[in-house]
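Examination of the molecular architecture
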Amino acid sequence: MTSLACMLMPEGPVGKVVDVAVEAERLGFERVWIPDEGLAARECYVSLAAVAAATHRVQVGTGITNAYTRHPGVTASAIATLDELSGGRAALGVGAGGGLTLTPMAIDRVKPLSAMRELIETCRRLWGGQTVDGPGITGSFADARMGYGRAEIPVWIAGRGPKVIATAGELADGFIMSYVHKDLIDEHVASLATAAEAAAKPRPKICYMTLVASDDRSFASAKQALTFRLVDSPESVKERIGMTPADTAALRSAIAAGGPPAAAHLVKDEWVEQFVIAGSPAQCRAELETLMAAHGIDEFQVSVNDLDAGADTLAAISDLVS
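What counts, and at which threshold
Residues numbered from 1 in each chain as written. Predicted model: local features only at pLDDT ≥ 70, side-chain atom pairs only at ≥ 80, totals over all residues. Heavy atoms only, no water. Salt bridge = Lys/Arg side-chain N within 4 Å of Asp/Glu carboxyl O. Helix = DSSP H or I, 4+ residues; strand = E, 2+ residues; numbered from the N terminus. Buried < 20%, exposed > 50% of the residue type's maximum accessible area, 1.4 Å probe, protein only. Axes fitted to C-alpha atoms, helices over the stretch in contact; angles between N-to-C directions. Left-handed = near helix turned anticlockwise from the far one by under 90°. Contact = heavy atoms within 4.5 Å. Polar contact = N/O pair within 3.5 Å; in protein donor to acceptor, adjacent residues only side chain to side chain. Expected span 1.5 Å × (residues − 1). Pairing = 2+ DSSP bridges.

**Section: the pattern of salt bridges**
With the rule as written, the count across this model stands at 16 salt bridges. A salt bridge links D308 to K16; the nearest nitrogen and oxygen atoms lie 2.7 Å apart. Residue D308 is located in the loop between β12 (299–304) and α13 (310–321), and its partner K16 is located in helix α1 (residues 14–26); the two are separated by 292 residues in the primary sequence. Using a relative accessible area of 60% as the deciding quantity, one classes D308 as exposed. With its nearest N and O atoms 2.7 Å apart, the salt bridge here joins R117 to E170. Pair noted here: R117 is in helix α5 (residues 112–127) and E170 is in helix α6 (residues 162–171), with a separation of 53 residues, a long-range link. R117 sits in the partly exposed class, given a relative accessible area of 25%. Taken together, the shared-partner salt bridges connect R31, K205 and E299 into one network.

**What to know about the packing of helix α8 (residues 216–231) against helix α10 (residues 245–263)**
It is the contact of α8 with α10, at a shortest axis distance of 10 Å, that shows an interaxial angle of 145 degrees. Both α8 and α10 take part in a crossing whose hand is left-handed. Along its contact with α8, which presents Q224, T227, F228 and V231, the element α10 presents T248, L251, R252, I255, P260, P261 and A263.

**As for α6**
Within α6 the residues assigned to the buried category are V164, I165, T167, A168, G169 and L171. Next to the buried residues of α6 lie α5, β7 (155–159), β8 (174–178) and α7 (185–198).

**Quick look at unusual backbone geometry**
With an omega of 15 degrees, the peptide bond running from G63 to I64 counts as cis. By the element assignment, I64 lies in the loop between β3 (59–62) and α3 (72–85). Phi at A106 takes a positive value of approximately 55 degrees, unusual for a residue other than glycine. Turning to its location among the elements, A106 is positioned in the loop between α4 (99–102) and α5.

**Comments concerning the side chain of R70**
Within the secondary structure, R70 sits in the loop between β3 and α3. At a separation of 2.4 Å, a polar atom in the side chain of R70 contacts the side chain of D36. Ignoring anything within four residues of it in the chain, the contact list for R70 reads D36, E43, C44, Y45, T65 and T75.

**Things to note about α5**
Residues three or four positions apart in an α-helix share a direction because the helix packs 3.6 residues into each turn. Between the first and last C-alpha of α5 there are 22 Å, a value that for 16 residues agrees with the 22 Å anticipated at 1.5 Å per step. Close packing links the buried residues of α5 with α3, β4 (90–94), β5 (132–134), β6 (141–144), β7 and α6. After α5 finishes, the residue G129 shows a positive phi value of roughly 85 degrees.

**Digging into the sheet that holds β8**
The strand order around the closed barrel built from eight strands is β1-β2-β3-β4-β7-β8-β9-β12, with neighbouring strands paired in parallel fashion. Ignoring which end each strand starts from, the neighbouring axes of this sheet average 25 degrees apart. The pairing of strand β9 (residues 205–210) with β12 spans four bridges and is parallel. Along β12, the bridge assignment pairs Y208 with F300. On top of the sheet, α3 reaches β3 and β4; it is set at about 150 degrees to β4, its chief contact. Sheet contacts for α6: β7 and β8; angle to β7, the most-contacted strand, approximately 165 degrees.

Set out below in structure tokens:
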């Protein structure tokens, strides 16, 4: 059976997030990620603590957070506390930071790759009992130490651009390929392996994250999920799918006015098909099996954006890979 993970967007009450997470554990999922989306969703660490308290086996973590909305010391403390609460089941998932999170809070994404690297290295030093001192990109330290934490807490990086992939190969325990154009998966895997080899470390575990659209409802959900992800995609990817600067501007404006639901109608059907697994259940199963085997992907992660349909979504994915 393929290893499974899920990302639960906490757009509804925490109790609903917990219910879906408990069902994920029952179905055999390995990981439950909660994204840190600022004002766009419920607070991730409160949600993660509730999930950790209600589960017994699944790994729980930020899927994903960034270096800007919190001081890196606060992130290190939060993850170490979650790890303690969950009995060693926490993970830090981090990315460069996206517009859905940062724009409404008027936060500039300054030196994103350097800030992400600094966050990861700072967390690992603090978890390992080391002293951190000096200026930083998103937060400085003065002889700072933590009296708790586990040095082995795993770190995952999510992203799509070549520099993020290289950073993941060098630093991360795992890499989440989030909504990557299907034609670029093999290139991403090869780049990740090359970066890991250059750093003299094992290749990070690879998780492929996308939606499975096997009916009209899930296809519409995929459009909504792709809105801000397409806006934040590398320019080379936008050019590949024929997404113009005007398209980007229109999506960005609609997201600012009403969030992803208000922008979903601007996402073209032909764009969706290049990023998600679509078709009948049998076609989805065949495509997923082919992608996983052809590219040496270790884990499949499904994005659950509709908590009310979350249990059904997880059951359908479990059936596809069983």
